[in-house]
Each structure stands twice: as structure tokens, then as C-alpha cells.
Amino acid sequence: MSRPSVAVVGAGAFGVRHLAAYRSLGVPVRVLVEPDAGTRERVAAAHGVPQTYASVAELLAAAPPDAASVCVPGPAHRTVAVDLLAAGVPVLVEKPLAATVADAAAIVAAATRTGVLCQPGHILRHSAPHRALHDAVRAGRIGDVLAVSSRRDRPRTLSRLFPREHPALLTAVHDIDLALWYAGAPVVEVRAAARTRPGSATPVLVWAELRHANDVVSSIRNSYLLPEHTPNHTSDLVEVYGTDGVAHVDLGHPTLLVQGESTEAPDWLLSPVDGGGALAAELRHFLGRIDGTEATAIVPLADGLHVVRVAEAVVDSATAGGAIRRVPQSPHL
């Protein structure tokens, strides 16, 4: 499938990034689905997308695409992904797989029932430095893994942009997935705390301790406390502790830093504006899974469901004042 017919569902910030990343791979997006007419036409014109629809139902009634990126808000993932899977369309679903465990389980059930590919969009597994760290850990270069520690600080802007979304199901999804990936075993137990600040309806600080099935322990810290105009990717750190050493990926030193009237640090690693980086690698893998050139899933669908289970357990534990919560296990993990 050298030039598949691709649709992007959702024309928000992540939908636009997917459009740029597909273009960087030489794969033209032929269809954009977006309910807001003004946004739909503006984004389609800017990215040269020839066909647009207001809904997935309209798209499927016209002609199902060969593949689709699902870039709508998390609460809408279930409806969009299940409809596309039922029509035989392989989907890449942006993280998290869904906003609730019930929705994520429904997507997994639909993919299992139809036998159609569903790839969770966990971009950091496609990031070059994070993959290099994973390869070093799996090769035994720091011995047996004992612990994983992950920190992700973001500006207060996120509380305004996502006023109803808990950080555990937004930014911390990345860190839960990294913990799962580096530890090499599912999470069985969670204990978490969360804190708010004046003017925020949801937590601005989440602190979670995870225990994995192989007794690796993971620590996850996420905050929305940096000043409003702080660049997004200036304070991310993941560390893996082993019996023979320690390894880390530190994004605290951006490749380019422009400190003018406002500070700017372009994202050269994950989803740069020119469409390259880890997002392009993720989409390349997705297309390879469809045409058979990629035999093994980098992000198994069961992992996408498990991450949502862990995130819900983090929310539940924090709401209950740090009570320990067990994480139900999937038979695929």
C-alpha cells in the first residue's frame, strides 16, 4: 500500500499535526472529518485535503478510506473508532485509547470482533531517545530493572485548555505507558495523590506510585504549574534504575531556545511543525502494520487498554486520599 487513502478525523491541534506528518511521509490525506464547518474548510485548504465531511457517518456513506487517524477529544474516541472498525477501516487512535475503561474496552472488543487493526497512539514509544533507552534496558545494559521514575511539568495553560480532563488521563498517560514499557510488566497496584490550585477545577499536580507484576516500582509526577508561556517540552525526564546502573532521557535542554518577548522552544523530537519526528515514525509504523511490512506492534492494543485502567486507578486513589487501588489485569497482558 504505497499511497493509501487516508482520513484524519478531527481538525484540532493533533489533527493538524497528523496532517503534517502524513505529508512528510509522502502520504496525502484525502479526507478530513470535522464537525465545525469553519475549522474544517480552513484546515483542509491549508493542507490541501480534497474531501471533507462533517461526520464519520458521512465519510463511510461516501467511501471508507484505507486508514484513519482518530484525533477527536478522548470522550469521542469510542464512537468514532468503533464505527470505523465496523466498516473495516484500520485506525490509529490518539492517546489515551479512550477517556474511560469502559470505552477503551469497547474499542478493544470491536477490534477483536472485526479483526481490524487498532493502534494506540502512544507517541513516546516512537521517539528516538525513548526507544534507545528502551533498547538499552532490554539489552541488559543496566542489569535488572528495579524502578522507573518519570516527571512531566507543563504550563498552567493546560488547566484552561482542558478544564474537565484529569491530568492522569491527559499528560500522565505518557508516563504510565513509559513505566509499563520500561518495567516490562503490567501495573498491579496504584497509590496516588493530587492537588489543585485556586481557579482550577481539576488537579494541577498528580503524584503516583505504581507497583508492577514483576515488583518493579514506578514513580510518576505531573504538574500544570509552570508559567503560562513556558514551552511545553522543557521539563520532561524519565529515569530507569537497574541493578548495574541508571539510564535516563532528559528533555530539559531544548535544541533551540528563543528567549524573546515570550520564550519559545520548538519541538524537534515528537511532532515538529514540518511533520517529522516521532509522530511521523508512529504513522510510518501504522501504515506498515496495515501493509504487512511491520510484523510486530510497538504498542499492543492490550497495552492501550491497560494504560487507561492504570490512569483510572490513579484518579480513584487520589480521590480517595491515597488509598491503594488494585489494577484489573487483561488476559492479553
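Throughout what follows, the structure given in this document is the object of discussion. (Residues numbered from 1 in each chain as written. Predicted model: local features only at pLDDT ≥ 70, side-chain atom pairs only at ≥ 80, totals over all residues. Heavy atoms only, no water.)

A few words now on the pattern of salt bridges. Enumeration over the complete set of coordinates arrives at 13 salt bridges. A salt bridge links R211 to D215; the shortest N-O distance between them is 3.3 Å. A residue is classified by how much of its surface remains accessible, and R211, at 27% relative accessible area, is partly exposed. On the accessibility criterion, D215 (56% relative accessible area) is exposed. Members of the salt-bridge network, linked through shared partners, are R152, R154, D175 and D236. (Salt bridge = Lys/Arg side-chain N within 4 Å of Asp/Glu carboxyl O. Buried < 20%, exposed > 50% of the residue type's maximum accessible area, 1.4 Å probe, protein only.)

Moving on: the pairing of strand β6 (residues 118–121). The two faces of β6 match: C118 and P120 on one face and Q119 and G121 on the other face are all buried. By the bridge criterion, four bridges tie strand β5 (residues 91–94) to β6 in an arrangement that is parallel. Bridging across to β6, V93 finds its partner in P120. Assessed by its sense of winding, the connection that carries the chain from β5 through helix α5 (residues 101–114) to β6 is right-handed. (Helix = DSSP H or I, 4+ residues; strand = E, 2+ residues; numbered from the N terminus. Pairing = 2+ DSSP bridges. Right-handed = clockwise from strand over helix to strand, strands pointing away.)

The next point concerns the pairing of strand β1 (residues 6–9). Of the two faces of β1, the one lined by V6 and V8 and the one lined by A7 and V9 are each fully buried. In the sheet, β1 pairs with strand β2 (residues 29–33) via four bridges, with the strands oriented parallel. Across the sheet, the residue bridging to V8 is L32, located in β2. In the classification by handedness, the crossover that spans β1, the intervening helix α1 (residues 13–24) and the parallel β2 is right-handed. For β1 and strand β4 (residues 67–70), the ladder comprises four bridges, and the chain directions are parallel. Across the sheet, the residue bridging to V9 is V70, located in β4.

Per the counting criterion, the structure on display carries one aromatic pair. The ring of F14 has R17 sitting right over it, with the charged end atom 5.1 Å from the ring centre. (Phe/Tyr/Trp six-rings, centres within 6.5 Å; stacked < 30°, edge-to-face > 60°. Lys NZ or Arg CZ within 6 Å of the ring centre and 35° of its normal.)

Right, let's get into the nonpolar core. Among the nonpolar cores identified, the biggest contains 51 residues, and L84, L97, C118, V190, L210 and V314 are the most heavily contacted of them. Of all the elements, helix α10 (residues 301–319) adds the most residues to this core, at nine residues. Setting aside residues up to four positions removed in sequence, V190 forms contacts with E209, L210, V310, A313, V314, S317, A323, I324, R325 and V327. (Core = buried A, V, L, I, M, F, W, Y, C linked by side-chain atoms within 4.5 Å. Contact = heavy atoms within 4.5 Å.)

Another point: helix α9 (residues 277–291). Helix length check: α9, at 15 residues, gives a terminal C-alpha distance of 22 Å against a target of 21 Å (1.5 Å per residue), a fit within 8%. All of the buried residues along α9 are A278, L279, A280, E282, L283, H285, F286, L287 and G288. With its phi angle positive at about 90°, G292 sits one or two positions after the end of α9. (Expected span 1.5 Å × (residues − 1).)

Where α1 contacts α9, the two axes come as close as 9 Å, and the packing angle between them is 70°. Comparing their axes, α9 and α1 come out roughly perpendicular. When you trace α1 past α9, the crossing you get is right-handed. Residues R17, H18, A21, Y22 and S24 of α1 touch α9, and the partners they reach there are L279, A280, L283, F286 and L287. By residue class, the composition of the contact of α1 with α9 is seven nonpolar, two polar and one charged. (Axes fitted to C-alpha atoms, helices over the stretch in contact; angles between N-to-C directions. Parallel < 35°, antiparallel > 145°, perpendicular 65-115°, else oblique. Left-handed = near helix turned anticlockwise from the far one by under 90°. Nonpolar A, V, L, I, M, F, W, Y, C, P; charged D, E, K, R; others polar.)

The mixed open sheet is built from seven strands, whose spatial order is β12-β11-β7-β10-β9-β8-β15. Edge positions in the open sheet fall to β12 (245–250) and β15 (325–326), since each of these has one partner strand only. As paired elements, strand β9 (residues 205–212) and strand β10 (residues 217–226) share seven bridges and run antiparallel to each other. Within β10, the residue paired with L210 across the bridge is S218. Across the sheet, helix α6 (residues 128–138) lies against β7 (145–155), β11 (236–242) and β12, angled at about 170° from β12, the strand it touches most. Along the sheet, helix α8 (residues 172–183) contacts β7, β8 (187–195), β9, β10 and β11; its crossing angle with β7, the most-contacted strand, is approximately 165°.

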